[in-house]
Each structure stands twice: as C-alpha cells, then as structure tokens.
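Listed here are the chains, written in short residue letters.
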Amino acid sequence: MIDRIQAFSEEIFPEVVRLRRAIHRNPELAFEEYETARLVAETLRPLGLDVRTGVARTGVVATLTGGRPGPTVALRADIDALPIFEANDFDFVSKNPGKMHACGHDAHTASLLGAAMILARVRDEVSGTVRFLFQPSEEKIPGGAKTMIAEGALGGSGGTPGAAAVFGQHVRPDLRAGKIGVRAGMFMASADEVYVTVRGEGGHAAAPHEIAADAVLVAAHVVVALQSVVSRNCPPDVPSVLSFGRVAAEGAANVLPVSARLEGTFRAMDERWRFRAHELIRRVAAHTARAFGAEADVEIVAGYPALFNDPEAAAFVREAAVAYAGAEHVVDVDLWFAGEDFAYYLREAPGCFYVLGVGNPEAGITHGLHTPRFTVDEDALRLAPGFMAYLAWRRGVAG
Ligand code: NI
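This is a predicted model, so every value here is computed, not measured.

Got a sec to walk through the overall build of the protein chain? Specific residues and values, please.
Along the protein chain, the regular secondary structure elements total 9 helices and 16 strands. Relative to a compact globule of 399 residues, whose C-alpha radius of gyration would be 21 Å, the protein chain shows 24 Å and is just as compact. With the C-alpha coordinates of the protein chain rotated into their principal frame, the extents come out at 80 × 45 × 40 Å. Of all 399 residues assigned to the protein chain, the portion counted as buried reaches 54%. At a minimum sequence separation of 6, the contacts of the protein chain that also span at least 24 residues come to 81%. Of the roughly 16,300 Å² of accessible surface on the protein chain, 51% is carried by carbon and sulfur atoms. In the protein chain, 39 side chains carry a positive charge and 49 a negative one; their mean positions are 3 Å apart.

Right, here's the structure in full:
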C-alpha cells in the first residue's frame, strides 16, 4: 500500500501545489474563510465524499466511507490566515492587504485535500471511515475546534462510530522539508492572556508622599512578585512561562498617573497547574498592590488548553512515519510553547499532533511562523498528503 500511496502522492503533487498557491493568494481571517471553504468543498465533491459545509460557520467536514469495516479516523487541517502584511515577492503572494497565510495553514489545507484525493482512489481498501476536518479560526480565540466538536465533527452518525483517533499536522520552518517530527505526551502549551490594572492615586511626581499609592512603583513590584509564581510554586517538572510584554502608564516625567496596566502571557504544559497558577496570579497581584496602598484588578483571558499527545497514538504516528518516509526522516521534537486548539480534539479522542518540516536553508526558507516572509518549501507537499492518507489507512486497518 505504501508504494501505491507514494505513487498517487507524486501524481497529485502538482495539483496539491496549485491548491496551496490558490489558498495562499487568497488568505481569509478567522471565521471569514468563505472562499477557502468553497474551494475545499468544490475539490472534495467530485471525489464522491459526503461533504458538509457551514460547520462552525465556515468549516467543512467530509466523510469517506471505506470498502471494509473499521473505525472512524479523523484528520484535521486549519484553514484561516493571519492579520499580517506579506513581504514575499513570488507570483502567488497574498492579494488581500494585511492578510497572510503566515502559519502554513494553506499547506495544511492543501495536504489534507491531497490525502482525500489519495484515499478516494484506494477507497475499497480503506477499513472504516475517514473524516476530514477543515477547521476555521485556529488563530483567534476561542478558535473553531470547540464549535466543530459541538457540531458533531468527531461524533458518530448513522451506522458510523465516533472517531477512534484524530491526527493533525503543523508545518515547521526550523525542520527541513521531508522530515516528520513527533513527540509523545506533553507537547504544546496552554496560552492565556493576563491583564493587571493597578489603581493608585495620581499626583505631582515631586510629592509622592502626598498620594496614597504610586501606581507605577506598585506595578513594578507586581511584575517582580509575580515571577515567584512560576519560580516558587510551579512543580519543577511542569514547563511554564509568565511574561509581561507591555507596561502602560499614562503619566509624564513630572506626573504620577492614577493607574498602570500590565499585559502578559501565561503558558503551561499542565492543566492542573494552569488553573492553580491563575489563582496565584490573582492573589499575588492583589496582595502586593494592597501592601503598598493600591488595588490590582486581574483579568485572565483563557486561551487554548495544553496539548497532550496520546502516547500510543504518538508511537503509532512514529512507526507509520518510519515505514512511510524512512527512519532517517523521522525526528523527535521538543516541547513547543505555541498554543493550538487541536488540543480540544485530543480531549475527545486519542490522537497525535505531529510536525512537518518545510524549511530549506539553502533556498532561504527559514523565516519563522507568523512573520511577513514566512513560506514553505513546497517539496514537503510530496510527502504530507501521502503520509496523512497512509496514517488514516493504517489506523483503519489496526481497527
Ligand atoms: Ni498555525
């Protein structure tokens, strides 16, 4: 089966590249992916798949029923772009100013379409059902995954069982094109936004003794005190980060402002620690401010949960990758402190989120995700669709 899938993957490669470029040229932001969704549905329908549009507003769910009995396996791609002005100069650059596929979701979408084309050709030998999830809004909280799940993306229907496994991939420019990276267990972080407003009293900067509390000084103490949350309260085996990237106080050289605001991000690889940390952040900020005669209001905007790859599913992906691409192309990857709403699918079904190398230093393809010159080495699209198809086929056979 590997030889056949590889041959099909090679055959459809030009079409997959064409699709990736078409999507790249027309990036659409979270929950506005109407034309992308239309392209996805138009590509899938001739393959004889059952295609549902309008899932989670702009998502598409397609179902392929195999010729043999077996489990349901879900494959996911995210389809949205980012609010970034593209700085590339190839002939398929974004035609939508201020919008760009700078996170490779164009490649994810084209790969999954390619996987559907391949599996449609070997449908009679597919055991079970393959569910293709084209998800809107990965880039913007609250994300599309939760709604996709709520609207039945992983559930059973008719005689079809619910998903027994779910797989997804993300491109990585720091990994060479042609490589597949896998990590079992803890993989990606929860990503929450932390906003602290310190309320003191405004006044003349020459007379701080005449006001109740200097909000700027208190905010500085709050930043320092909050560092103890990670360094002193976080279990040493749980990776976690708290950073403040914005400090704003609208006073002047000789004016103490009424308030000061801190904006930061809190990331963690463990959900229990995550919510304990939220409590500590609130407590430490509030009490530190009070010690200086000020008040602190803390708002934490919860982002995506930490992403945990099922160890068995990760081992399965690893074995499949070695079989499909060769051991020399399969690598272990480190923890990744980005957030991903694929984490929600992994709460519903065992699965694995793996990474696809798209970098090529010799060709200058090294720009990071979410940067204006990001792109992918399209050679990776020879591997990605076939590997996804193989993964689904092999998981079906495993029962
Ligand atoms: Ni992404």
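Quick one: what's the story with the packing of aromatic side chains, residue by residue and with numbers?
Taken as a whole, this structure holds 11 aromatic pairs when the rule is applied. Considering the side-chain rings of Phe187 and Trp336, the 6.1 Å spacing of their centres and the 50° angle between planes classify their relative orientation as tilted. Of this pair, Phe187 sits in strand E7 (residues 185-188) while Trp336 sits in the loop between strand E15 (330-332) and helix H8 (342-348), and the two are 149 residues apart along the sequence. Exposure remark for Phe187: the relative accessible area of 0% places this residue in the buried category. Judged by relative accessible area, Trp336 falls into the buried class, the value being 14%. Connected via pairs of aromatic rings, a cluster forms that spans Tyr324, Tyr354, Phe387, Tyr390 and Trp393. Residue placement shows Arg172 over the ring face of Trp336; its charged tip is 4.5 Å from the ring centre. Above the face of the Phe13 ring, Arg382 is positioned so that its terminal group lies 3.9 Å from the ring centre.

Which residues make up the coordination of the nickel ion, and what values do they have?
Distances from the nickel ion to its protein donors, namely Cys103 (SG), His105 (NE2) and His170 (NE2), fall within the range 2.2 to 2.3 Å. Within one chain, the residues serving as donors to the nickel ion are arranged as C-x1-H-x64-H. Residue Cys103 is classed as buried on the basis of its relative accessible area, which comes to 6%.

Could you give me a rundown of the sheet that holds strand E8 (residues 190-199), with the residues and numbers involved?
Strand order in the open sheet made by the 4 strands is E10-E12-E8-E13, with antiparallel pairing throughout. On the outer flanks of this sheet lie strand E10 (240-248) and strand E13 (295-301), each paired with one strand and no other. Here the average twist between neighbouring strands, direction ignored, is 20°. Bridging between E10 and strand E12 (residues 259-268) involves 8 bridges; their strand directions are antiparallel. For Phe244, the partnering residue across the bridge sits in E12 and is Gly264. Sitting on the sheet, helix H5 (residues 215-233) is in contact with E8, E10 and E12, with an inclination near 15° to E12. Each of E8, E10, E12 and E13 is contacted by helix H6 (residues 271-291), which is oriented at about 160° to E13, the strand it contacts most.

Break down the pairing of strand E1 (residues 50-55) for me, citing the residues and quoting the values.
Sheet analysis places E1 next to strand E2 (residues 59-65), joined by 5 bridges and oriented antiparallel. For Arg52, the partnering residue across the bridge sits in E2 and is Val61. Count of turn residues in the E1/E2 antiparallel hairpin: 3 residues, of which Ala56 carries a positive phi of about 50°.

Account for the pattern of salt bridges, naming residues and giving values.
If you walk through the whole model with that rule in mind, you get 24 salt bridges. The shortest N-O distance in the salt bridge between Arg20 and Asp106 comes to 3.0 Å. Residue Arg20 is located in helix H1 (residues 2-25), and its partner Asp106 is located in helix H3 (residues 105-121); the two are separated by 86 residues in the primary sequence. Like Arg20, the residue Asp106 is buried in the burial classification. Two residues, Glu271 and Arg274, come together in a salt bridge whose shortest N-O distance is 2.9 Å. Linking Glu271 with Arg274, this pair stays in helix H6, spanning 3 residues, or about one helical turn. Taken together, the salt bridges that share partners define one network made up of Arg20, Arg21, Asp106 and Glu378.

Got a sec to walk through the layout of surface pockets? Specific residues and values, please.
Counted as a void, the largest pocket has a volume near 390 Å³. Lining the largest pocket are 20 residues, and of these Glu139, Arg267, Ala338, Gly339 and His370 lie nearest its centre. Secondary structure elements with two or more residues in the lining of the largest pocket: E8 and E12. No other element matches E8, which puts 3 residues into the lining of the largest pocket.

Pulling in residues and values, what's your account of the environment of Glu319?
Counting through the fold element by element, Glu319 comes out in helix H7 (residues 311-325). Overall, Glu319 belongs to the partly exposed group, its relative accessible area being 47%. Remark: the alpha-carbon pair of Glu319 and Val330, spanning 11 residues in sequence, is separated by 9.3 Å.

Can you break down the nonpolar core residue by residue, with the values?
Formed by 70 residues in total, the largest nonpolar core has its most connected members in Leu44, Leu119, Phe132, Phe134, Phe167 and Phe387. When residues in this core are grouped by element, the largest group, 11 residues, is from helix H9 (residues 380-398). With residues up to four places along the chain from it excluded, the contact list for Leu44 reads Leu49, Val51, Val60, Ala62, Leu113, Ala116 and Phe134.

Criteria and cut-off values
Residues numbered from 1 in each chain as written. Predicted model: local features only at pLDDT ≥ 70, side-chain atom pairs only at ≥ 80, totals over all residues. Heavy atoms only, no water. Helix = DSSP H or I, 4+ residues; strand = E, 2+ residues; numbered from the N terminus. Rg over C-alpha atoms; globule rule 2.2 N^0.38 Å. Buried < 20%, exposed > 50% of the residue type's maximum accessible area, 1.4 Å probe, protein only. Contact = heavy atoms within 4.5 Å. Areas by Shrake-Rupley, 256 points an atom, 1.4 Å probe, with all protein chains shown as cover. Lys, Arg positive; Asp, Glu negative; His and termini not counted. Charge placed at Lys NZ, Arg CZ, Asp CG, Glu CD. Phe/Tyr/Trp six-rings, centres within 6.5 Å; stacked < 30°, edge-to-face > 60°. Lys NZ or Arg CZ within 6 Å of the ring centre and 35° of its normal. Donors = N, O, S within 2.8 Å, 3.2 Å for Na, K, Ca; no water. Pairing = 2+ DSSP bridges. Axes fitted to C-alpha atoms, helices over the stretch in contact; angles between N-to-C directions. Salt bridge = Lys/Arg side-chain N within 4 Å of Asp/Glu carboxyl O. 1 Å grid on protein atoms, 1.4 Å probe; cavity = no way out; pocket = protein on both sides within 12 Å on 5 of 7 lines; lining within 4 Å. Points joined across faces, edges and corners; volume = space filled by probe spheres on them. Core = buried A, V, L, I, M, F, W, Y, C linked by side-chain atoms within 4.5 Å.

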